[in-house]
2 protein chains.
Amino acid sequence: MSIAQPSETPARRGPGRPVSLTKRRAMLDAAIREFQAHGYDGASMDAIAASSDVSKRTLYNHFASKEVLFRSLVEEMGQRVSVFSKIEYSPDVPLREQLTRYAQDSARLIQDGETLALFRAILAEHVRNPKLVASAMEHYWRDEYGFAGWVSAACRDGKLRAPSPKRASRHFSSLIKGAVVWPVVFEQRVLTPREARAAIEEAVEMFLGYYAT
Amino acid sequence: MSIAQPSETPARRGPGRPVSLTKRRAMLDAAIREFQAHGYDGASMDAIAASSDVSKRTLYNHFASKEVLFRSLVEEMGQRVSVFSKIEYSPDVPLREQLTRYAQDSARLIQDGETLALFRAILAEHVRNPKLVASAMEHYWRDEYGFAGWVSAACRDGKLRAPSPKRASRHFSSLIKGAVVWPVVFEQRVLTPREARAAIEEAVEMFLGYYAT
DNA sequence: CAATTAGTATACTCTACGGTGTAGTTTATA
DNA sequence: TATAAACTACACCGTAGAGTATACTAATTG
């Protein structure tokens with residue numbers, strides 16, 4: 001159950017062949033491909049091993065089971081998301097600009113091919129078996145809460161008027177996800193940068209139109 | 001591949017035991033349960049047969065394969081959605097009321113336990129294998145387009161000002177889904193009627209605030 | 001070099017499941 | 001009541017995949 005830390009330095013504790021991080025990376029990448037293509041059940045450890053040019057046994061030496069492997073991916077996804085979905089209130093930058101940047105980060109993250117593939121695999125599994133995946137998804141949903149903090153700050157600064165920052169943040173999230181996340185995830189839509197920008201701009205506009213003082 | 005019609009009258013074409021619609025229903029219901037609980041691959045025909053108190057052979061006599069069975073469910077889902085997601089513009093009913101009713105229908109539909117289970121199963125599969133499911137999901141996404149018609153009508157009637165009715169309808173859809181659909185589907189949130197009503201009201205408010213003339 | 005650990009190749013077990021075949025039972029119609 | 005279809009019970013087949021065992025080679029360090 002314990003997930004290997006992404007420590008870049010293999011522990012040197014005596015003689016012996018050092019563990020290959022390259023191989024580990026290859027296994028994870030192959031796993032992403034397979035899980036995305038065939039889902040959790042459909043993906044086979046044999047295929048993952050083959051596709052990463054690693055013997056099945058090695059795969060099992062790195063990841064004790066299919067579930068552990070999947071969980072590692074989930075963990076990784078959590079990292080990516082939490083790195084991106086940060087927003088801090090800056091009093092001297094126009095709200096419009098801050099919001100736009102935040103939304104664009106979301107859009108960019110989900111447009112990235114590998115992240116999208118991984119997200120799809122996780123989402124599919126999450127819908128079926130929320131527990132398996134809860135921790136990572138929380139990162140994802142929680143971005144709304146982080147954003148709620150931003151809204152509160154903006155309110156305190158007198159630039160927004162939101163009776164409930166949480167609701168307001170949900171509104172913004174809904175608009176952004178509806179515009180540039182779900183279409184990509186569900187409908188295979190590829191948004192051109194122009195489209196994405198336009199959609200974001202309008203969402204921001206609507207949000208500010210309603211909440212800005 | 002041909003999907004059995006939901007005709008309530010079994011064709012009477014001579015002697016012989018008539019096909020039992022009760023059993024058919026039981027199989028479909030069991031299938032919903034199993035697909036939801038274990039996903040497409042995870043669900044087993046044996047389990048579905050057992051859970052519906054029907055012999056495996058009968059199950060296969062009704063549905064030639066697992067895929068056919070699943071497709072029948074998808075079809076059914078399409079029906080449910082398209083029945084609910086109808087909205088027609090009425091010039092003499094306040095917009096607020098029409099929108100609210102429409103949103104509440106969406107909310108009610110997804111709150112229904114069986115529909116929710118079915119929707120989850122289909123969604124999970126859709127993310128993985130869009131083709132298998134495309135037809136039904138189209139019903140679902142299309143509701144936005146139906147709604148776009150409503151927006152256009154309201155504009156013609158001078159009650160809304162929306163440069164792009166399609167975008168406007170997407171905005172509304174995003175707000176509603178973000179408020180009362182995705183939380184239920186993804187986060188297992190159970191919305192009390194009060195919560196749902198409040199969330200819808202605010203979404204409607206925001207929409208009208210931005211688009212109403 | 002010796003020791004030790006990582007990785008390989010391959011064969012194997014066990015289980016689960018999709019789908020079929022069959023012989024018999026039930027429930028209807030004409 | 002004869003006939004025909006729906007349904008049952010159950011054995012069966014083939015395959016695929018998770019995980020293991022083993023005997024090997026490769027790459028390190030002291």
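Residues numbered from 1 in each chain as written. Chains lettered and ligands numbered in written order. Predicted model: local features only at pLDDT ≥ 70, side-chain atom pairs only at ≥ 80, totals over all residues. Heavy atoms only, no water.

### Things to note about the protein's contact with DNA strand C
1) Next: As a matter of local geometry, DNA strand C sits amid 29 residues, with R17(A), T58(A), M45(B), K56(B) and K66(B) nearest to it.
2) Next: Expressed as a percentage, the sugar and phosphate content of the atoms of DNA strand C within 4 Å of the protein is 65%.
3) Next: R17(A) is positioned such that a nitrogen or oxygen atom in its backbone is 2.9 Å from a base oxygen of DNA strand C.
4) Next: Within the side chain of T58(A), an N or O atom sits 2.7 Å from a phosphate oxygen of DNA strand C.
5) Next: Sorting the residues of the surface near DNA strand C by element identifies α3 (56-62) of chain A together with α2 (45-51) and α3 (56-62) of chain B as the ones contributing at least two each.
6) Next: Taken together, the residues of the surface near DNA strand C sort by class into nine nonpolar, nine polar and eleven charged. (Near = heavy atom within 4 Å. Polar contact = N/O pair within 3.5 Å; in protein donor to acceptor, adjacent residues only side chain to side chain. Helix = DSSP H or I, 4+ residues; strand = E, 2+ residues; numbered from the N terminus. Nonpolar A, V, L, I, M, F, W, Y, C, P; charged D, E, K, R; others polar.)

### Details of the relation of the copies chain A and chain B
1) Next: Structural alignment of chain A on chain B gives an RMSD of 0.2 Å, achieved by rotating through 179° and translating 0.0 Å along the axis. Look at the turn and shift together and you get a two-fold axis relating the two. Distance from the rotation axis, computed per C-alpha, reaches its smallest value in chain A at A124(A): 2.1 Å.
2) Next: Taken as a fraction of all interface residues of chain A, those also at the interface in chain B reach 100%, which identifies the copy contact as same-surface. (Least-squares fit on C-alpha atoms with pLDDT ≥ 70 in both. Contact = heavy atoms within 4.5 Å.)

### Here we look at the packing of aromatic side chains
1) Next: Taken as a whole, this structure holds 29 aromatic pairs over all chains when the rule is applied.
2) Next: Taking 5.1 Å as the distance between ring centres and 25° as the angle between the ring planes, the aromatic pair formed by F147(B) and F172(B) counts as stacked. Of this pair, F147(B) sits in helix α7 (residues 130-156) while F172(B) sits in helix α8 (residues 165-187); the two residues are 25 residues apart in sequence, bridging distant segments of the chain. For the pair shown, F147(B) and F172(B) are each scored as buried.
3) Next: Above the ring of Y40(A), the side-chain terminus of K66(A) is found at 5.2 Å from the ring centroid. (Phe/Tyr/Trp six-rings, centres within 6.5 Å; stacked < 30°, edge-to-face > 60°. Buried < 20%, exposed > 50% of the residue type's maximum accessible area, 1.4 Å probe, protein only. Lys NZ or Arg CZ within 6 Å of the ring centre and 35° of its normal.)

### A word on the confidence of the model for chain A
1) Next: In this model, chain A carries an average pLDDT of 86, and 90% of its residues clear a pLDDT of 70 or more.
2) Next: α3(A) holds the highest mean pLDDT among the elements of chain A, 97, whereas helix α7 (residues 130-156) of chain A holds the lowest, 79. (pLDDT = per-residue confidence, 0-100.)

### A look at the protein's contact with DNA strand D
1) Next: Around DNA strand D sit 29 residues in total, of which M45(A), K56(A), K66(A), T58(B) and H62(B) are the nearest.
2) Next: Looking at DNA strand D alone, sugar and phosphate atoms form 63% of those within 4 Å of the protein.
3) Next: Between DNA strand D and K56(A) there is a distance of 2.7 Å, counted from a base nitrogen to a side-chain nitrogen or oxygen.
4) Next: Residue H62(B) places a side-chain N or O atom 2.8 Å away from a phosphate oxygen belonging to DNA strand D.

### Comments concerning the interface of chain A and chain B
1) Next: Taken together, the 36 residues of chain A in the interface contact 36 residues of chain B.
2) Next: Together, V127(A), F186(A) and M206(A) form the three largest contributors to the area buried by chain A at its contact with chain B, with a combined 21%.
3) Next: With a closest N to O distance of 4.0 Å, R170(A) and E187(B) form a salt bridge.
4) Next: Seen at the junction of chain A and chain B, the total is six residue pairs in polar contact (both at pLDDT 80 or more). (Buried area = accessible area lost by both parts, 1.4 Å probe. Salt bridge = Lys/Arg side-chain N within 4 Å of Asp/Glu carboxyl O.)

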